[in-house]
Amino acid sequence: MIFDKIKVIKADITTLSVDAIVNAANKTLLGGGGVDGAIHRAAGPELLAECRTLGGCETGEAKITRGYRLPAKYVIHTVGPVYHDRPSDPVKLSGCYRNSMDIAREHNLKSIAFSAISCGVYGYPIDRASRIAVETVFDWLSENSDYEIEVYFVCFNDDVYDALTRNVAVFCEKA
Ligand code: AR6
């Protein structure tokens, strides 16, 4: 059952012992504020050194590094859209989730924890972003039903937690 594989949790993503955490990065992949800053601080300078070798990342794409001093084995860095209310915004945001899941499978990862991509300084409306996140992961899990992976949506704020919980409930009813 797909909904058995998905959990919405309140946590600091840098504390999670999962195979990969997903960073809401920017196109440089060289760190920043928000969750990106927290991940780089917790992982240590080796993370930045590896990120420098990656040549940045396009919006909607994702790249993987090791986790260094984090409890997570890997960090998948993805770049969400800066919200402009354009038709390309949902496509790009969905790409962040889909490409991260593809990378997880390519590396045979069994647990992945997403931060709320674009829901901070990039300004995406939280309910819409949550619906795209949940819909994309549900679709991916149903297309990859032969693959076992636990997916965590990690929330720092109550509004993100409420929106994700609501959207997971909606998709579970449909499933
Ligand atoms: N654990 C889990 N979630 C967190 C944590 C944490 N430690 N810290 C913040 N959040 P944001 P964006 C939540 O702004 O909108 C950076 O400067 C936060 O409450 O980090 O995609 C990058 O370099 C919010 O719900 O990411 C980019 O320039 C969510 O993480 C830009 O911000 C995402 O907020 C990316 O902006």
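Just so it is clear, the model here is predicted, and its values are computed rather than measured.

**What about the side chain of Thr59?**
Link 1 in the chain: For Thr59, the position within the fold is in the loop between helix 2 (45-52) and strand 3 (62-66).
Link 2 in the chain: According to the relative accessible area criterion, Thr59 is buried, its value standing at 19%.
Link 3 in the chain: The residues touching Thr59, leaving out its near neighbours within four places in the chain, are Lys27, Val79, Gly80, Pro81 and Lys92.

**What about the site of the ligand?**
Link 1 in the chain: Close contacts around the ligand come from 23 residues, with Asn26, Gly33, Asp36, Ser118 and Gly120 the closest.
Link 2 in the chain: Interatomic distance of 3.0 Å between a backbone N/O atom of Ile13 and a nitrogen atom of the ligand.
Link 3 in the chain: Asn157 is positioned with one of its side-chain polar atoms (N or O) 3.2 Å from an oxygen atom of the ligand.
Link 4 in the chain: Taking 710 Å² as the accessible area of the ligand by itself, protein coverage stands at 90%.
Link 5 in the chain: Contributions of two or more residues to the shell around the ligand are made by strand 2 (20-25) and helix 1 (34-43).
Link 6 in the chain: The biggest single contributor to the shell around the ligand is helix 1, with four residues.
Link 7 in the chain: Taken together, the residues of the shell around the ligand sort by class into 13 nonpolar, eight polar and two charged.

**As for the pattern of salt bridges**
Link 1 in the chain: As enumerated under the stated definition, the model contains seven salt bridges in all.
Link 2 in the chain: Across the pair Arg98 and Glu143 runs a salt bridge, and its minimum N-O distance is 3.1 Å. With Arg98 in helix 3 (residues 88-106) and Glu143 in helix 4 (residues 126-143), the pair connects residues that are 45 residues apart, well separated along the chain.
Link 3 in the chain: With relative accessibility at 26%, the residue Arg98 sits in the partly exposed group.
Link 4 in the chain: For Glu143, a relative accessible area of 52% translates into the label exposed.

Conventions adopted
- Residues numbered from 1 in each chain as written.
- Predicted model: local features only at pLDDT ≥ 70, side-chain atom pairs only at ≥ 80, totals over all residues.
- Heavy atoms only, no water.
- Helix = DSSP H or I, 4+ residues; strand = E, 2+ residues; numbered from the N terminus.
- Buried < 20%, exposed > 50% of the residue type's maximum accessible area, 1.4 Å probe, protein only.
- Contact = heavy atoms within 4.5 Å.
- Near = heavy atom within 4 Å.
- Polar contact = N/O pair within 3.5 Å; in protein donor to acceptor, adjacent residues only side chain to side chain.
- Areas by Shrake-Rupley, 256 points an atom, 1.4 Å probe, with all protein chains shown as cover.
- Nonpolar A, V, L, I, M, F, W, Y, C, P; charged D, E, K, R; others polar.
- Salt bridge = Lys/Arg side-chain N within 4 Å of Asp/Glu carboxyl O.

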